[in-house]
Amino acid sequence: MSGKVTLVGAGPGGRGLLTRAGAAALENADAVVYDRLVSEDILDLVPPDAERVSVGKENNRHPVPQDEINELLVRLAKAGKNTVRLKGGDCYLFGRGGEECECLKANGVPFEVIPGVTSALAAPAFAGIPVTHRDYCSSVHIVTAHARAGKKLEIDFESLVRLDGTLVFLMGLTALERVTDGLLSAGIDPRMPAAVIENGARGSQSKVVAEISALSERVRAAGLQSPALIVVGRVCALSETLDWFTPLPLHGRTVAVTRPRERAGTLADRLRALGANVIECPCIETVERADVSALDTALHEKWDWVALTSPAGVPALLHALQKNGRDLRALYGCRFAVLGAGTARALEKYGITADLCPEIYDGAHLAEALVRAAKPGERVLLPRAAQGADELPRILAENGVPFADIATYDTVYRSDKAERLRELLAQNAVDTVTFTSVSTVEGFVNAVGKADFSGLTALCISEKTAEAARNHKMRVKIAKNATIDEMIACLLEEYQNV
Ligand code: SAH
């Protein structure tokens, strides 16, 4: 049976402006055919086993010709794959979406279209420009300024000027001067406010606002690059007053988030909401163990405490119980100690309130809290990562608390973003890297390889994590308490002081 093709508009930048329907389509895709403008965190939603085909122009490669894209979509669908055709912005606005659907229709392939937030509207909004405003204009016109090098633009500038609305030109950076000259020759007021917005609606956005007669010179001086669009109209005069984006406290900062994918979300999203340009580059991953018979053996004995040292450890324990044909009742009567608030929350999801949590969230403090709380002879079950630090078991042993350290999952290094990380570090393009555990530091260094980290600020969740970062010569900032809130507070403090 033929698969379906779903055209999805990815929006202008990050995941936040992707529609929910678009995200759902990606999560169900067997194959994804995507353009250059689609951001990485959106591609991260694609299931790992789905086929990915990039058809955009990158690294000096030519873009795949349109008829080849059309054929590819038909071929994938006919092979039974649910295929997503992912495009920057909206899929029907200068994205050749119409041509692709015509071809699908002609070949009897079913298709759907999920519109996206277009850069034509979003970039101005993020640059403080409302595209219409009752006091300034009553229409907005979106025009392509694409032209072959050196060729004249086929734009009816006289008509555009006569409409007296806001004009948005896409694909026009190389033709900027031809656009402004065209409008000026057609009689537009040379003092008409105008703007060019590069990387609109993204953390890396920059803009130039000027009178139209000065625009191309100012843009050249500022060195703006593609993707960028041109806005012309009186509404551009509001750009400073209505700028809500650049005043965000982390605007212009690039922050790399190294946490494992399933936990990166909250930190990354919160940094984005504060205006940061976030690079998600998970450097470690939790892999649950297939052989969990050691837990089964341990459960033949009686335990008084279960100590959990990471949020990932909670589902790992539950799954390990299930693999042994057991469930939570196997731990009936046990008290639960957790390393920190994140782990407590993970446990809460299973209806269990932690009995013990140290004030400082690290292994040593958890061990000390357990030593204080456990009555003589009480025994502690420690289902955790095979690679866990030795402090917790060491302190329990030193204090004569009986325990069993059961390897329930592995923390492994990931490096699928290694090349991108190296590239960014070489360009000095990362301001801060966030580390939420010692293993994220080691995973990061493992991914990047030998490098000079002395220019890098490591935002660390705890003293222990900072120690690992210092060992690699990074400059460290340490959260006051080991929580995501405190990490963010620490980052804000750092940037407010510069
Ligand atoms: N379908 C897309 C547009 C495709 S044409 C949409 O709806 O946004 C590609 C052009 O879109 C680029 O040349 C540039 O002019 C504009 N563009 C796309 N993303 C942009 C962004 N984030 N900021 C500024 N311009 C962007």
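Residues numbered from 1 in each chain as written. Predicted model: local features only at pLDDT ≥ 70, side-chain atom pairs only at ≥ 80, totals over all residues. Heavy atoms only, no water.

**As for the environment of G11**
Then step 1. Its location among the elements puts G11 in the loop between β1 (5-9) and α1 (20-27).
Then step 2. By relative accessible area, G11 is classed as buried at 3%.
Then step 3. Between the C-alpha atom of G11 and that of V38, which follows or precedes it by 27 residues, the distance is 8.1 Å.
Then step 4. Residues contacting G11, with those up to four places away along its chain left out, are L17, K87, G88, G89 and V117. (Helix = DSSP H or I, 4+ residues; strand = E, 2+ residues; numbered from the N terminus. Buried < 20%, exposed > 50% of the residue type's maximum accessible area, 1.4 Å probe, protein only. Contact = heavy atoms within 4.5 Å.)

**Topic: the packing of helix α16 (residues 438-448) against helix α17 (residues 463-471)**
Then step 1. Two numbers describe how α16 lies on α17: the axes approach to 8 Å, and their chain directions differ by 20°. Taken together, the axis directions place α16 and α17 in an arrangement best described as roughly parallel. Considering the relative orientation of α16 and α17, their crossing is right-handed. Contacts from V438, V441 and E442 of α16 reach α17 at K464, T465, A468 and A469.
Then step 2. Class assignment for the residues of the contact of α16 with α17 results in four nonpolar, one polar and two charged. (Axes fitted to C-alpha atoms, helices over the stretch in contact; angles between N-to-C directions. Parallel < 35°, antiparallel > 145°, perpendicular 65-115°, else oblique. Left-handed = near helix turned anticlockwise from the far one by under 90°. Nonpolar A, V, L, I, M, F, W, Y, C, P; charged D, E, K, R; others polar.)

**As for the packing of aromatic side chains**
Then step 1. Considering all chains together, one arrives at five aromatic pairs under this definition.
Then step 2. Ring centres 4.9 Å apart and planes at 80° place the aromatic pair F126 and F245 in the edge-to-face group. Here the residue F126 occupies a position in helix α5 (residues 119-126), and F245 occupies one in the loop between β10 (228-232) and β11 (254-257), the gap between them amounting to 119 residues. Here the two residues F126 and F245 agree in accessibility, since each one is buried.
Then step 3. Ring geometry for F435 against F444: centres 5.4 Å apart, planes inclined by 70°, an arrangement best described as edge-to-face.
Then step 4. Here the guanidinium or amino end of R379 rests over the ring plane of W303, the centre of that ring lying 4.1 Å away. (Phe/Tyr/Trp six-rings, centres within 6.5 Å; stacked < 30°, edge-to-face > 60°. Lys NZ or Arg CZ within 6 Å of the ring centre and 35° of its normal.)

**Some words on the site of the ligand**
Then step 1. Close to the ligand lie 18 residues; L93, T118, S119, G200 and A228 are nearest.
Then step 2. The contact in question runs from an oxygen atom of the ligand to an N or O atom on the side chain of S119, over 2.7 Å.
Then step 3. M171 places a main-chain nitrogen or oxygen 2.8 Å from an oxygen atom of the ligand.
Then step 4. Coverage of the ligand by the protein chains reaches 92% of its 550 Å² of free accessible surface. (Near = heavy atom within 4 Å. Polar contact = N/O pair within 3.5 Å; in protein donor to acceptor, adjacent residues only side chain to side chain. Areas by Shrake-Rupley, 256 points an atom, 1.4 Å probe, with all protein chains shown as cover.)

**Some words on a nonpolar patch on the surface**
Then step 1. Together, F94, L121, V140, I142 and M171 make up an exposed nonpolar region whose accessible area comes to about 370 Å².
Then step 2. Tracing the backbone shows V140 in strand β6 (residues 140-144). (Patch = residues over 30% accessible without salt bridge, like charges linked within 9 Å, V, L, I, M, F, W, Y side chains within 5 Å. Salt bridge = Lys/Arg side-chain N within 4 Å of Asp/Glu carboxyl O.)

**Things to note about the nonpolar core**
Then step 1. Core analysis: the biggest nonpolar cluster contains 36 residues, and L271, W305, A337, L370, V380, L392 and L491 have the highest contact counts within it.
Then step 2. Mapped onto this core, the elements with two or more residues apiece are β11, α9 (261-273), β14 (305-308), α13 (363-373), β16 (380-385), α14 (391-398) and α18 (484-496).
Then step 3. By residue number, the principal contributor to this core is α18, which donates six residues.
Then step 4. Not counting residues within four places of it along the chain, the set of residues in contact with W305 comprises R335, F336, A337, D355, L356, L370, A373, A374, E378, R379, V380 and L381.
Then step 5. Judged by nonpolar contacts, the second largest core, of 28 residues, contains M192, V196, I230 and V232. (Core = buried A, V, L, I, M, F, W, Y, C linked by side-chain atoms within 4.5 Å.)

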